[in-house]
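# Survey of secondary and tertiary structure
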Amino acid sequence: EGGRDLYQLELGRSGRPASDAVRLSTGLNAATVSVAASGSRIAYAAFSRVSNVWSMPIPRSGNASMSRAQPVTTGSQEIEAFAPSPDGRWLVFDSNRGGAQQIYRMATSGGLTVFRLLNTSSVLVPSDSTWLPTFSDSCRSPGSGSWADT
């Protein structure tokens, strides 16, 4: 039925279900669970996905070293897709940093300014860079379907 919740299922001697499963939690988001020997208490670890964008140089020869990777985005968020602007000055990415998946852009120069795209119909950032809008150095007004300062 969706999320990571706990259910109780009584098994018969054959090892097959003796009745329907009974939901014990809603919204628990458990990744792993342990039950006390007495059966009166559980301990669980909540499932959490956090992802950010990292950048590293591509070596002309040999292997790439992860020690040279630098974070581009930071924070407790989940980024599912991203794409650089054609001129390399901006990164467009989706993030749930505001509670809901939205599309953002930020300067690749390392500035802290992050802008959120308003009035989006899709939260996926296509890998095809021709999708990316032409960015200007200034933001247009909020509510115009353009970038707004967050």
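Before going into details, it helps to say that this report is about the structure given with it.

Cut-offs applied
- Numbers given for residues are sequential positions, taken from 1 along each chain in its written order.
- The model is predicted, so local features are restricted to residues of pLDDT at least 70 and side-chain atom pairs to those at 80 or more, both for listing and for counting; the totals for chains, interfaces and linings are taken over all residues.
- Each side-chain value is worked out from all heavy atoms of the structure, with water and hydrogens disregarded.
- Think of it this way: any DSSP run of H or I at least four residues long counts as a helix, any run of E at least two long counts as a strand, and we number them from the N terminus.
- Each residue is assigned to one of three classes by its accessible area relative to the maximum for its type, calculated with a 1.4 Å probe on protein chains only: buried under 20%, partly exposed between the two thresholds, exposed over 50%.
- Residues are treated as being in contact if the distance between any of their heavy atoms lies within 4.5 Å.
- Side-chain atoms within 4.5 Å link the members of a nonpolar core, which is a set of buried Ala, Val, Leu, Ile, Met, Phe, Trp, Tyr and Cys residues.
- Pairing of aromatic side chains requires ring centres within 6.5 Å, counting the rings of Phe and Tyr and the six-membered ring of Trp. Pairs whose planes differ by under 30 degrees are stacked, by over 60 edge-to-face, and all others tilted.
- Only lysine NZ and arginine CZ atoms are considered, and such an atom sits over a ring when it is within 6 Å of the ring centre and within 35 degrees of the ring normal.
- Definition used for salt bridges: Asp or Glu carboxyl oxygen within 4 Å of a side-chain nitrogen of Lys or Arg.
- Every patch collects residues that have over 30% relative accessible area and no salt bridge, joining them within 9 Å if they carry like charges and within 5 Å if they are nonpolar side chains (Val, Leu, Ile, Met, Phe, Trp, Tyr).
- To be clear on the numbers: accessible area is Shrake-Rupley with a 1.4 Å probe, and residue cover counts the displayed protein chains and nothing else.
- Two strands pair under a simple rule: DSSP has to find at least two bridges between them.
- Polar contacts, as counted here, are pairs of nitrogen or oxygen atoms within 3.5 Å of one another; within protein the pair requires one atom able to donate a hydrogen and one able to accept it, and residues that are adjacent in sequence qualify only if both atoms are side-chain atoms.

## Digging into the overall build of the protein
A count of helices and strands for the protein gives 0 helices and 11 strands. What you see in the protein, going N to C, is helices and strands ordered as β-β-β-β-β-β-β-β-β-β-β. In the protein, which comprises 150 residues, the share counted as buried stands at 23%. Nonlocal contacts in the protein, meaning residues at least 24 apart in sequence, comprise 32% of its contacts between residues at least 6 apart.

## Some remarks on the nonpolar core
Val53, Ile79, Leu91, Phe93, Tyr104 and Met106 together form the largest nonpolar core, which totals 6 residues. Going through the elements one at a time, β8 (90-95) and β9 (102-107) are the ones with two or more residues in this core.

## Regarding the packing of aromatic side chains
In the structure shown here, the tally under the stated rule is 1 aromatic pair. Measuring from centroid to centroid gives 5.8 Å for Phe93 and Tyr104, while their planes differ by 15 degrees, and the two rings are stacked. Of this pair, Phe93 sits in strand β8 while Tyr104 sits in strand β9, placing them 11 residues apart in sequence. Across the pair, exposure class does not vary: Phe93 and Tyr104 are buried alike. Sitting over the face of the ring of Tyr104, Arg97 holds its NZ or CZ atom 5.1 Å from the ring centroid. One Lys or Arg, Arg105, reaches over the ring of Trp90 and ends 3.8 Å from the middle of that ring.

## Some remarks on the pattern of salt bridges
Applying the stated criterion across every chain yields a total of 3 salt bridges. Ionic pairing is found between Arg23 and Asp5, a salt bridge with its closest N-O pair at 3.3 Å. Placement of Arg23 in strand β2 (residues 22-23) and of Asp5 in the segment before β1 (7-8) is noted, with a sequence separation of 18 residues between them. Look at Asp5 and you get buried, because its relative accessible area is 15%.

## A look at a nonpolar patch on the surface
Residues Val33, Val35, Ile42 and Tyr44 make up a contiguous nonpolar surface patch of about 360 Å² in total accessible area. Assignment of secondary structure puts Val35 in strand β3 (residues 30-35).

## Concerning the pairing of β3
Two faces, one strand: in a regular strand the side chains alternate between the faces of the sheet. Note that β3 and strand β4 (residues 42-46) share 5 bridges and pair antiparallel. Paired with Ser34 across the bridge in β4 is Ala43. What sits between the antiparallel neighbours β3 and β4 is a turn of 6 residues, in which Gly39 has the positive phi angle 80 degrees.

## Here we look at the environment of Ser65
Take Ser65: it is sitting in the loop between β5 (54-55) and β6 (70-71). In terms of polar contacts, Ser65 uses its side chain to reach the side chain of Ser67, at 2.6 Å.

## Quick look at the side chain of Asp5
For Asp5, the side chain forms a polar contact with the side chain of Arg23, separated by 3.3 Å. Those residues in contact with Asp5 that lie beyond four places of it in its chain are Arg23, Ser25, Thr26, Gly27, Leu28 and Asn29.

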